[in-house]
Structures are given as structure tokens and as C-alpha cells.
Amino acid sequence: MTLISSILPVSNIVLDLPATSKKRAFEHAALTFENNQGLARLTVFDSLFSRERLGSTALGHGVAVPHGRLKGLKEPVATFIRLAQPVPFDAPDSQPVRLLMFLLVPEESTQKHLDILAELAQMLSSAELRHGLNEAQTPEEIRSILHDWHPGIEY
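Just so it is clear, the structure is predicted and the values come from calculations on it, not from any experiment.

Engineer: Help me understand the pattern of salt bridges, please; the structure alone is not making it clear to me.
Structural biologist: Pairing of side chains with opposite charge becomes possible as their charged atoms draw close. Counted according to the given criterion, the structure contains seven salt bridges. As a salt-bridge pair, Arg82 and Asp16 come within 2.9 Å of each other at their nearest N and O atoms. Separated by 66 residues along the polypeptide, Arg82 in strand β5 (residues 77–87) and Asp16 in strand β1 (residues 13–17) bring together distant segments of the chain. Arg82 gets classed as buried once you look at its relative accessible area, which sits at 3%.

Engineer: Where do I start with the packing of aromatic side chains in this structure?
Structural biologist: Geometry of an aromatic ring pair is reported as the spacing of the ring centres plus the angle between the planes. On inspection of all chains with the given rule, the structure shows four aromatic pairs. Between Phe45 and Phe49, the ring centres sit 5.1 Å apart and the planes meet at 15 degrees, which makes this aromatic pair stacked. Residue Phe45 and its partner Phe49 are located together in helix α3 (residues 41–54), separated by four residues, close to a single helical turn. Residue Phe45 is classed as buried on the basis of its relative accessible area of 14%.

Engineer: Teacher, can you tell me more about the packing of helix α2 (residues 22–37) against α3 here?
Structural biologist: Helices that pack against each other are described as a pair by the angle of their axes relative to one another and the distance between those axes. Taken N-terminus to C-terminus, the directions of α2 and α3 make an angle of 140 degrees; their axes are 8 Å apart at the nearest point. As judged from the angle between their axes, α2 and α3 are oblique. In this structure, the crossing between α2 and α3 has a hand that is right-handed. Residues Lys22, Lys23, Phe26, Glu27, Ala30, Leu31, Phe33 and Glu34 of α2 lie in contact with α3, whose contacting residues are Arg41, Val44, Phe45, Leu48, Phe49 and Glu52. Considered class by class, the residues forming the contact of α2 with α3 number eight nonpolar, no polar and six charged.

Engineer: What's the story with the nonpolar core in this structure? I'm lost.
Structural biologist: Inside soluble globular proteins, nonpolar side chains tend to come together where they are buried. With 27 residues, the main nonpolar core has Leu39, Val44, Leu83, Phe89, Leu100, Phe102 and Leu104 as its most contacted residues. Of all the secondary-structure elements, those providing two or more residues to this core are β1, α2, α3, β5 and β6 (97–106). One finds Leu103, Leu129, Leu133 and Leu146 within the second-largest nonpolar core, a separate group that totals 23 residues.

Conventions adopted
- Residues numbered from 1 in each chain as written.
- Predicted model: local features only at pLDDT ≥ 70, side-chain atom pairs only at ≥ 80, totals over all residues.
- Heavy atoms only, no water.
- Salt bridge = Lys/Arg side-chain N within 4 Å of Asp/Glu carboxyl O.
- Helix = DSSP H or I, 4+ residues; strand = E, 2+ residues; numbered from the N terminus.
- Buried < 20%, exposed > 50% of the residue type's maximum accessible area, 1.4 Å probe, protein only.
- Phe/Tyr/Trp six-rings, centres within 6.5 Å; stacked < 30°, edge-to-face > 60°.
- Axes fitted to C-alpha atoms, helices over the stretch in contact; angles between N-to-C directions.
- Parallel < 35°, antiparallel > 145°, perpendicular 65-115°, else oblique.
- Left-handed = near helix turned anticlockwise from the far one by under 90°.
- Contact = heavy atoms within 4.5 Å.
- Nonpolar A, V, L, I, M, F, W, Y, C, P; charged D, E, K, R; others polar.
- Core = buried A, V, L, I, M, F, W, Y, C linked by side-chain atoms within 4.5 Å.

Take a look at the structure:
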């Protein structure tokens with residue numbers, strides 16, 4: 001099991017969201033965290049977007065990992081959103097983004113936050129894994145792909 005799969009409930013996986021901008025994707029992620037974890041949508045949005053203003057969280061290859069710290073949060077939690085159509089994201093490769101893994105961590109979180117981000121960067125650098133995430137038909141398939149991933153193994 002991966003670190004990300006342990007903090008990503010199936011209820012936080014959204015497929016083919018018809019968002020037309022980065023901001024709309026962030027708003028939907030904040031709403032998902034509010035509906036499923038009881039976190040205040042505006043607080044979540046502000047945390048995620050404040051980090052994004054420091055520099056794009058796009059990794060390239062159509063992937064971004066927006067993340068933020070949240071006061072009062074006890075454990076990290078994630079939301080995965082696959083957009084219906086890619087949106088501009090100021091990515092290093094100038095490619096629009098379709099796959100977004102939103103990560104919230106406790107305000108005082110340090111090493112676990114870094115470990116999760118490192119795992120995601122390694123995981124999402126796999127072309128095979130990205131292909132699987134783009135082609136999956138259900139949230140359960142997405143969760144399974146992320147759960148079963150191991151470094152160095154292509155799918």
C-alpha cells in the first residue's frame with residue numbers, strides 16, 4: 001500500500017469533472033473536502049490557492065499536485081480529480097493539466113508531508129501509471145492503481 005492510498009478515500013475521487021479553469025478545479029476540490037471530511041471549503045480553497053500563488057504545483061505530463069497546510073487538521077487527506085478536459089496550469093513543460101492530486105496536511109506536518117509529495121512525484125512520473133489514471137472508468141479503479149503501485153514497476 002502506498003502513502004497516498006492510505007489518505008485517499010474513494011469518496012474523494014472525482015472523474016471527468018467539467019472544470020474550465022484551475023480555479024474551478026480548486027473550488028471543486030475544496031467542496032469535496034467539505035462534503036466528505038467536514039473541512040471548511042473557503043479555508044481549504046485559501047490554503048491550496050495560497051500555495052499555488054507561490055508557484056505552480058504542476059509537475060508536467062498533464063499532472064499537478066496542489067497542496068496546502070490546514071490548521072486543526074489531524075491527519076493528511078487527499079482528493080484526486082481527473083478533469084474532462086485539460087486546463088492551463090503554468091506547467092514546466094507548458095502542457096495543460098488533467099490529473100490533479102490535492103493534498104492537505106496538518107499545519108505542523110513536516111516529514112510525512114514531504115514523504116507523500118516525494119512518493120507522488122515518483123509515482124506520477126510513470127507514463128504507464130498516468131495512462132492508467134487517464135483511462136480508469138471508476139473511482140475504485142483509480143484507488144486500486146494508486147494502492148498497488150510500487151517503485152520501478154510499470155503497469
